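Structure at a glance
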Amino acid sequence: MKRGLLLLLLYIVVLGSPLALSATLAHEASSSFLYELGRGLALSGATLLLLQVVLAARLKWVERPYGLDMLLRFHRNMAVLGLAMLIPHPIFLVLGGAGWSLLWSLDTPWYITVGRLALLVLAINVTVSLLRRRMKIRFERWRLAHDMLGPTLLVLVLLHSSNAGQDLKVDVMRTAWFAAFGIIFALFAYHRIVRPILLGRQSYRVVEVRPKAEGVWTIRLAPPKGHKRFDYLPGQFQFVTLHRHGRGLPEEEHHFTISSSPTETGYISSTVKAVGDFTATIGKTRPGDTATVHAAFGRFSYLFHPEDKDMVFIAGGIGITPLRSMLRHMHDTAADRRVLLLYANRREQDIVFRKELDEMAAESSGRLTVVHVLSKPGPEWRGESGHIDKEFIARQCGQDCLHKAFYLCGPPGLVRSLLQNLRKLGVPERRIRLEYFSFLD
C-alpha cells in the first residue's frame, strides 16, 4: 500500500513538474488568462502522453502494487484525459488572442500543421482503442496499429512543442523536455524490441500438451536447460508467445493464467480454452515447441491478502485456472484457510480439473468444499443446477456471508452479475477480489 501511494505521488509530481518549471523559469505571464490556460493544457497534456508509455511498459516495480489490469485501466483513462486536455488547447489560444486562423488556415507555419496532425492521431488512437470490440478489430491488429501510432504521436508532439512552445525557448526547459522524450523513446524501444529479444534468447520448452476437457488444453512449459523457473505467486498470469515452426500456426503474444502452483517445481502450466482464432490452435502445439515467456503479473492471489481466512471462490468455465493454482498451493502447503468453491459450467463434460478438485476437497479435512453448478445438466446429473445468483450464494454461504472474502473469475458477463449480486447481499467491496482480464486483450 505504501509503495503504491509513493508511486502515485511520484506520478503526480512528474506530471506537474513541466508546468511548475514553466511558471518559474520560462516566461512572463501573458495578459490573457485564456492564452496562458491554453499553453498550460498543452504542456500538461503532452507530459501525460509521455507517462502513458511508462504505464504500458510492463515494468514490474510499477505494476506490482496495483496489478496490471488496474494499471491498464488507469492508462486508458489517462489517454482520455490527455485528449480532453489537448482538444481545448488551440481553442483557448484563439480566445486568448492568437487569432482564428490558427484553427483552420492553411497559411500557418509547418509546426502548427504538425500540431493539428498530432491532435488528429491522438483522437483516432483513443477512439479506436475505446471502440475496438464494437468495431470488431482483432486485438493483434489493434496492438500493431497502437504501437505504430503511439511513437508517431510522440514524434509529432515533440516537433510541434519544441518549435511552437514559448516555454521551451528557455535552455533549462528545452534540455529537460528533450531529455524526457529521449528517456521515453528508449523505454518504448526496450519494451517492444529489446526485451522481447532478450526473453527470446531464454525460450521455454513445451514439454507436455494434455486435453483437460472438451476444447480445453493444459500446456506445460519447462525453463531452458541450466536455468531456474521464474518465481510467481498462485493466481498470477504470464504473457506467452508460442513458436510452432513449420506448421503455419500464428506466433502471437497472449496472456494466460498460470494454472500450476509454485509448489509444482520444474515447470509452469497454463490451461487454455479454445474460444478464438488463436486459442483454437492451442491443441496443435507439440512437445518440443518453444515459447517466449514474460512473467509474472497480477495481484489475484490469496497470498496478497493474509487477512483472508474464510473465502468463497466463484468460477465460471475456464475461470477456474487461477483458483486451481491457489487451491493446489493451499493443499500442498497445508495453509490454514477455509474455502468454499462454487464452480459453474454448462455441462458435466465441461468441468475442468474435476477429479483433482474433488480429491483435494476429500483430503482437506473440511477446509475445502467444492460445489459444481450446471446450467444445462444431463439427465443423470445429481448436483446443483441453474445459475450462481444472489439466492444461490446466500444459500451456500449461510449467515456468515458478509464476513467472507470472495474471489471471482470467469467470463465478463458472469463477473459483472456476481458483483451486482454480492453488492445486493451487502458484501463490502474491500472483500471482493478479481482481475479484469478483458483489459489485456
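We now turn to the structure provided with this report. Predicted model, so just to flag it, every value in this text is computed and none were measured.

1. As for the overall build of the chain
Helices and strands together make up the secondary structure of the chain, namely 13 helices and twelve strands. Taken along its principal axes, the extent of the C-alpha atoms in the chain is 80 × 55 × 40 Å. The 441 residues of the chain split such that 49% are buried. When contacts within the chain are restricted to residue pairs at least 6 apart in sequence, those whose partners lie at least 24 apart make up 73%. A total accessible area of about 22,000 Å² is found for the chain, and carbon and sulfur atoms account for 60% of it. Between the averaged position of the 55 positive side-chain charges in the chain and that of its 37 negative side-chain charges there is a distance of 2 Å.

2. Considering the environment of Leu59
Tracing the backbone shows Leu59 in the loop between helix H2 (33-56) and helix H3 (60-63). Here Leu59 falls in the buried class, since its relative accessible area comes to 13%. For the pair Leu59 and Leu15, spaced 44 residues apart in sequence, the C-alpha separation works out to 18 Å. If we skip the residues at most four places from it in the chain, Leu59 touches Val54 and Leu187.

3. A word on the packing of helix H4 (residues 68-86) against helix H5 (residues 88-98)
Between H4 and H5, the shortest axis-to-axis distance is 5 Å and the interhelical angle comes to 20°. With respect to their mutual orientation, H4 and H5 come out roughly parallel. Along its contact with H4, which presents Leu83, Ala84, Met85 and Leu86, the element H5 presents Pro88, His89 and Pro90.

4. Section: the sheet that holds strand E8 (residues 338-345)
Taken in spatial order, the six strands of this open sheet run E10-E9-E8-E7-E11-E12, and their pairing is parallel. Edge positions in the sheet fall to strand E10 (384-385) and strand E12 (432-433), since each has one partner strand and no second. Note that strand E7 (residues 310-316) and E8 share seven bridges and pair parallel. Across the sheet, Asp310 pairs through a bridge with Arg338, a residue of E8. In this fold helix H10 (residues 320-333) packs onto E7, E8, strand E9 (368-374) and strand E11 (405-409), with an angle of close to 145° to the strand it touches most, E7. Across the sheet, helix H11 (residues 354-362) touches E8 and E9, and the angle it forms with E9 is around 145°.

5. Focus: the pairing of strand E3 (residues 237-243)
The buried count for E3 comes to seven of seven residues, which makes it a mostly enclosed element. Across the two faces of E3 the burial is the same, with Phe237, Phe239, Thr241 and His243 and Gln238, Val240 and Leu242 all buried. Pairing of E3 with strand E4 (residues 253-257), which is carried by five bridges, proceeds in the antiparallel orientation. Note on E4: the bridge partner recorded for Phe239 is His255. The pairing of E3 with strand E6 (residues 290-297) spans seven bridges and is antiparallel. Its bridge partner being in E6, Val240 is matched across the sheet by Val293.

6. Topic: the packing of H2 against H4
The geometry of H2 relative to H4 is characterised by a closest axis approach of 9 Å and an angle of 160° between their N-to-C directions. Considering their axes alone, H2 and H4 lie roughly antiparallel with respect to each other. As H2 packs across H4, the resulting crossing turns out to be left-handed. Residues Leu41, Ala42, Ser44, Gly45, Ala46, Leu48, Leu49, Gln52, Leu55 and Ala56 of H2 lie in contact with H4, whose contacting residues are Leu71, Leu72, Phe74, His75, Met78, Ala79, Leu81, Gly82, Met85 and Leu86. Here the contact of H2 with H4 is built from residues that sort into 15 nonpolar, five polar and no charged.

7. A short note on the pairing of E4
Side-chain positions along a regular strand alternate between the two faces of the sheet. Among the five residues that make up E4, five are buried, leaving the element largely enclosed by the rest of the structure. By the alternation rule, side chains of E4 split into Glu253, His255 and Thr257 and His254 and Phe256, which are all buried.

8. Some thoughts on unusual backbone geometry
Ala295 connects to Ala296 through a cis peptide bond whose omega is -5°. One non-glycine residue, Lys136, adopts positive backbone phi at about 55°. Mapped onto the fold, Lys136 is located in the loop between helix H7 (110-131) and helix H8 (139-164). One non-glycine residue with positive phi stands out, namely Phe353, at about 65°. Tracing the sequence through the fold places Phe353 in the loop between E8 and H11.

9. Details of the packing of aromatic side chains
In total, this model carries 13 aromatic pairs according to the counting rule given. Here the aromatic rings of Tyr11 and Phe74 are separated by 5.3 Å at their centres, their planes lie at 70°, and the arrangement is edge-to-face. In this pair, Tyr11 sits in helix H1 (residues 2-26) while Phe74 sits in helix H4, placing the two residues 63 residues apart along the sequence. Judged by its relative accessible area of 12%, Tyr11 falls in the buried class. Residue Phe74 is classed as partly exposed on the basis of its relative accessible area, which comes to 28%. Geometrically, the ring pair formed by Phe181 and Phe185 is tilted, given 6.3 Å between the ring centres and 40° between the ring planes. Separated by four residues within a single helix, Phe181 and Phe185 lie in helix H9 (residues 171-200), roughly one turn from each other. With relative accessibility at 1%, the residue Phe181 sits in the buried group. For Phe185, a relative accessible area of 26% gives the class partly exposed.

10. Observations concerning the pattern of salt bridges
This model, assessed by the stated rule, comprises 25 salt bridges. Among the salt bridges present, the one from Glu253 reaches Arg143, with a minimum N-O distance of 2.9 Å. Linking Glu253 in strand E4 with Arg143 in helix H8, this pair joins segments that are 110 residues apart in sequence. Its relative accessible area of 12% is what places Arg143 among the buried residues. Across the salt bridge formed by Glu384 and Arg395, the nearest N and O atoms sit 3.4 Å from each other. Of the two residues, Glu384 is situated in strand E10 and Arg395 in helix H12 (residues 390-397); the sequence distance between them amounts to eleven residues. Arg395 sits in the exposed class, given a relative accessible area of 51%. Connected via shared salt-bridge partners are Glu264, Arg324, Arg328, Asp332 and Glu356.

Rules behind the numbers
Residues numbered from 1 in each chain as written. Predicted model: local features only at pLDDT ≥ 70, side-chain atom pairs only at ≥ 80, totals over all residues. Heavy atoms only, no water. Helix = DSSP H or I, 4+ residues; strand = E, 2+ residues; numbered from the N terminus. Buried < 20%, exposed > 50% of the residue type's maximum accessible area, 1.4 Å probe, protein only. Contact = heavy atoms within 4.5 Å. Areas by Shrake-Rupley, 256 points an atom, 1.4 Å probe, with all protein chains shown as cover. Lys, Arg positive; Asp, Glu negative; His and termini not counted. Charge placed at Lys NZ, Arg CZ, Asp CG, Glu CD. Axes fitted to C-alpha atoms, helices over the stretch in contact; angles between N-to-C directions. Parallel < 35°, antiparallel > 145°, perpendicular 65-115°, else oblique. Pairing = 2+ DSSP bridges. Left-handed = near helix turned anticlockwise from the far one by under 90°. Nonpolar A, V, L, I, M, F, W, Y, C, P; charged D, E, K, R; others polar. Phe/Tyr/Trp six-rings, centres within 6.5 Å; stacked < 30°, edge-to-face > 60°. Salt bridge = Lys/Arg side-chain N within 4 Å of Asp/Glu carboxyl O.

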